[in-house]
Amino acid sequence: MAMTLLASPSWGYKQEDLDKLAATNTCQECDLAGADLHLAYLREANLTKANLAKANLAKANLAGADLRGTILGVAFLPLADLREADLERVDLSHASLRGANLTGANLEKADLAGADLAGADLRGTVLTGAVLRDAKIDFADFTKAKFCNTVMPDGQRIFKDC
């Protein structure tokens, strides 16, 4: 697996977790906070309940990855490939997802409050119970996305696809 791993030691991520991810493409409940994983090839990786807060995942390939319950708050994910990823109950609050590809992703009950989704591709995503309060959604594509009890940027709830 080709992966750029240039994490700063000041963040407190565990090197053993980074090594495990690089070797097995699996790292459940790992601490990778602040890790520099830009351009990482993590297609179909299992990162369930991992801590990736403030991680740099710019242009990372996370297509089909299992990220359920993962902490990605304030993470840097512009242009990341998250097609068909399972992001159920993920904390993406204040994350940068500008231009990210989230086509067909499961964002059920995800926290996207304050996230930057400008220009993101969210076609066919499941946003049931998701929170988008104060999110930036300029030029984001929500074609065929499913909204049920979804909190929109203005605080209003949408019950369109219930």
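Residues numbered from 1 in each chain as written. Predicted model: local features only at pLDDT ≥ 70, side-chain atom pairs only at ≥ 80, totals over all residues. Heavy atoms only, no water.

The next point concerns the side chain of Thr125. Along the chain, the position of Thr125 falls in the loop between helix H1 (15–24) and strand S1 (150–151). Given the relative accessible area of 0%, Thr125 is considered buried. (Helix = DSSP H or I, 4+ residues; strand = E, 2+ residues; numbered from the N terminus. Buried < 20%, exposed > 50% of the residue type's maximum accessible area, 1.4 Å probe, protein only.)

This brings us to the state of the cysteines. A full pass over the atoms with the stated rule returns two disulfides. Covalently, Cys148 is tied to Cys162 through a disulfide, its sulfur atoms 2.0 Å apart. Residues Cys148 and Cys162 share a disulfide whose torsion about the S-S bond is about 110 degrees; that sign makes it right-handed. One end of the pair, Cys148, is in the loop between H1 and S1; the other, Cys162, is in the segment after strand S2 (157–158), and 14 residues separate them in sequence. According to the relative accessible area criterion, Cys148 is buried, its value standing at 15%. Look at the protein and number its bonded cysteines as they come in the sequence; the links are 1-2, 3-4. (Disulfide = S-S within 2.5 Å.)

Take the side chain of Asn25 next. If you trace the backbone, Asn25 turns up in the loop between H1 and S1. With relative accessibility at 17%, the residue Asn25 sits in the buried group. There is a polar contact of 3.0 Å between the side chain of Asn25 and the backbone oxygen of Arg43. (Polar contact = N/O pair within 3.5 Å; in protein donor to acceptor, adjacent residues only side chain to side chain.)

We now examine the packing of aromatic side chains. Applying the stated criterion across every chain yields a total of one aromatic pair. With centroids separated by 5.8 Å and ring planes inclined at 50 degrees, the aromatic side chains of Phe142 and Phe147 adopt a geometry described as tilted. Accessibility assignment for this pair places Phe142 and Phe147 in one class, buried. (Phe/Tyr/Trp six-rings, centres within 6.5 Å; stacked < 30°, edge-to-face > 60°.)

Moving on to the environment of Thr125. Each C-alpha atom of the pair Thr125 and Glu108 lies 8.8 Å from the other, and the pair is 17 residues apart in sequence. Apart from the residues within four sequence positions on either side, Thr125 is in contact with Leu102, Gly104, Ala105, Leu107, Lys144, Ala145 and Lys146. (Contact = heavy atoms within 4.5 Å.)

Positioned with a positive phi, Glu44 is a non-glycine residue whose angle comes to about 60 degrees. Mapped onto the fold, Glu44 is located in the loop between H1 and S1. Although it is not a glycine, Phe139 sits at a positive phi angle of roughly 65 degrees. Relative to the assigned elements, Phe139 resides in the loop between H1 and S1.

So, about H1. Residue pairs spaced three or four apart in an α-helix point in one direction, given the helix's 3.6 residues per turn. All buried positions along H1 are accounted for by Asp17, Leu18 and Leu21. In a view along the axis of H1, the buried residues occupy a sector of 100 degrees, so they form one face of it. The outward face of H1, more than 90 degrees from its buried face, is lined by the exposed residues Glu16 and Ala23. Note on H1: the residue one or two positions beyond its end, Asn25, has a positive phi of about 60 degrees. (Arc of directions from axis to C-beta.)

Counting 50 residues, the largest nonpolar core has Leu47 and Leu77 as its most contacted members. Discounting chain neighbours no more than four positions away, the residues touching Leu77 are Leu57, Ala58, Leu62, Leu82, Leu92, Ala95, Ser96, Leu97 and Ala100. (Core = buried A, V, L, I, M, F, W, Y, C linked by side-chain atoms within 4.5 Å.)

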